[in-house]
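# Descriptive structure summary
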Amino acid sequence: MDATLTARAAGDLAKDAGSKSAAIEHVGRLPEHIAIIMDGNGRWAEERGMSRTRGHRAGLDALRRCITRADERKIRYLTIFAFSSENWSRPKSEIDDLFKLLNTFIRRDLKKLHRNGVRVRMIGNRENLEQDILRQITEAEELTKDNDGMVLVVAFNYGARSEIIGVVRGLVASAARGEVSESEITESLISDRLDTEGIPDPDLLIRTSGEKRLSNFLLWQCAYTEFVFTESYWPDFDSQMLDEAITEYGQRDRRYGGIVQSVGT
Ligand code: FPP
């Protein structure tokens, strides 16, 4: 093969090498999967002399706007970081507020999402969640499981390292039972055992509020993801900002470790 690769060919190459996650088909340079770290609710509220709770509530409104626009833009997968496994270190009152917001979101928005054909999926550790919230999560997934519209992936009580530890433990157990051999451990096998099984890796990750880090979010899945960081706090994030991030994504060269072949070479 020629030393130069088109970005697409590089994706195909990765696929051949067993990494289905790196090879994503793009239609008109739209991201198929957008992941968002919705950051800055607290600072937004503090700057307005409001409680952090008010900031999170305003964040929920921003999330609704964002879901609507992502759906209009025919984004296939939207993943949002709603509660991280590290958020347990926050004051109990704030944790309670975030759980209440998930509850509100499911109670108030689920029917509309379902009507619009959205499929809801939750990723994260379910083990230390209370029965009530677990039941709501399961019902939301069950109700929408046959929908064929946008997939809304809610990362709740999610931490990427703990997700990866779960995969490693599972593989060790499978190996001990003789169900998997060393040579069968490939990128695609690991991808298939992550919480995001069946979901292509994010093409675009957006983080608001000026912070520029991944914070234990989708560490495996973001190997080839394009990042867009915005200065605005999450409650101020609007449809136009989502459009701008999508446009910026469309202008990026995705090379997957190869090089982009220029016209005529
Ligand atoms: C980060 O802002 C945001 C969160 C920890 C929670 C995100 C939650 C929402 C947008 C609300 C609704 C969503 C659901 C479905 C529960 P921060 O509090 O860390 O802000 P700061 O860095 O300014 O303090």
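Our structure's up above, just so we're on the same page.
Please read all numbers here as calculations on a predicted model, not as lab measurements. (Residues numbered from 1 in each chain as written. Predicted model: local features only at pLDDT ≥ 70, side-chain atom pairs only at ≥ 80, totals over all residues.)

### Details of the site of the ligand
For clarity, the cut-off: Working rule for contacts: place C-beta from the backbone, and if it is within 6 Å of a molecule or strand, that residue counts as near it. Each helix is a run of DSSP H or I of at least 4 residues and each strand a run of E of at least 2, with the numbering of both proceeding from the N terminus. Residue type decides the class: Asp, Glu, Lys and Arg count as charged, Ala, Val, Leu, Ile, Met, Phe, Trp, Tyr, Cys and Pro as nonpolar, and the leftover types, Gly among them, as polar.
The environment of the ligand is made up of 19 residues, and the closest members are Asn41, Gly42, Arg43, Gly59 and Ala82. Elements with a minimum of two residues in the shell around the ligand: helix 2 (41-47), helix 3 (52-72) and helix 4 (92-115). Of the residues in the shell around the ligand, the class split is 10 nonpolar, seven polar and two charged.

### A closer look at the packing of helix 3 against helix 4
When two helices pack together, their arrangement is given by the angle between the helix axes and by the axis-to-axis distance. Quick note on the threshold: To get an axis, fit a line to the C-alpha atoms, keeping to the stretch in contact for a helix; angles then go from 0 to 180 degrees between the N-to-C directions. In what follows, roughly perpendicular refers to angles from 65 to 115 degrees, roughly parallel to angles under 35, roughly antiparallel to angles over 145, and oblique to any angle outside these ranges. Whether a crossing is left-handed or right-handed is set by the direction in which the near helix is turned from the far one by less than a right angle, anticlockwise for left-handed and clockwise for right-handed. Our contact criterion uses C-beta atoms placed from the backbone: two residues qualify when those atoms are within 7 Å.
For the pair helix 3 and helix 4, interaxial distance at closest approach is 10 Å and the crossing angle is 30 degrees. In terms of orientation, helix 3 and helix 4 fall into the roughly parallel class. The handedness of the crossing between helix 3 and helix 4 comes out as right-handed. Contacts between helix 3 and helix 4 involve Arg52, Thr53, His56, Arg57, Leu60 and Arg64 from the first element and Glu94, Asp97, Leu98, Leu101, Phe105 and Asp109 from the second. Across the contact of helix 3 with helix 4, the residue classes tally to four nonpolar, two polar and six charged.

### Let's talk about the sheet that holds strand 2 (residues 77-84)
The criterion, for reference: Paired strands, in this sense, are two strands between which DSSP finds at least two bridges.
The sheet built from six strands is open, its strands ordered 3-4-2-1-5-6 with parallel pairing. Looking at the sheet topology across the chains shown, the edges are occupied by strand 3 (119-123) and strand 6 (226-229). Within this sheet the neighbouring strands show an average axis-to-axis angle of 20 degrees, counted without direction.

### Let's talk about helix 5 (residues 131-144)
We count it as follows: The length a helix should cover is 1.5 Å for every residue beyond the first. To assign burial, the other C-beta atoms lying within 10 Å of each residue's own C-beta are counted, with C-beta atoms placed from the backbone; 20 or more indicates buried, 12 or fewer indicates exposed, and intermediate counts indicate partly exposed. Directions from the helix axis toward the C-beta atoms define the arc.
The terminal C-alpha atoms of helix 5, which comprises 14 residues, lie 20 Å apart, in line with the 20 Å expected from a rise of 1.5 Å per residue. Looking only at helix 5, the buried set comprises Ile137, Ala140 and Thr144. End-on, the buried residues of helix 5 take up no more than an arc of 60 degrees, which puts them together on one face. Exposed residues pointing more than 90 degrees away from the buried face of helix 5 are listed as Gln131, Asp132, Arg135, Thr138 and Glu142.

### Quick look at the environment of Glu197
Position of Glu197 relative to the elements: it lies in the loop between helix 7 (187-193) and strand 5 (204-207). Judged by local crowding, Glu197 falls into the exposed class, with 10 C-beta atoms found within 10 Å. Linking Glu197 and Ile123, residues 74 residues apart in sequence, is a C-alpha distance of 9.8 Å.

### A few points about the environment of Pro235
Take Pro235: it is sitting in the loop between strand 6 and helix 8 (239-251). Pro235 gets classed as buried once you count the C-beta atoms within 10 Å, which come to 25. Separated by 176 residues in the primary sequence, Pro235 and Gly59 place their C-alpha atoms 4.5 Å from one another.

### Things to note about helix 4
In plain terms, the rule: The angle between axes fitted to the seven residues ending at a residue and the seven residues starting there is what we call the bend at that residue.
Relative to the 34 Å expected for 24 residues at 1.5 Å per residue, helix 4 spans 35 Å between its end C-alpha atoms, a close match to the ideal helical length. Bending of helix 4 peaks at approximately 50 degrees at the position of Asp109. For helix 4, the set of buried residues is Leu98, Leu102, Ile106 and Leu113. Considering only its buried residues, helix 4 is in contact with helix 3, strand 2, strand 3, helix 5 and strand 4 (151-158). Within two residues after helix 4, Gly117 carries a phi angle of roughly 80 degrees, on the positive side.

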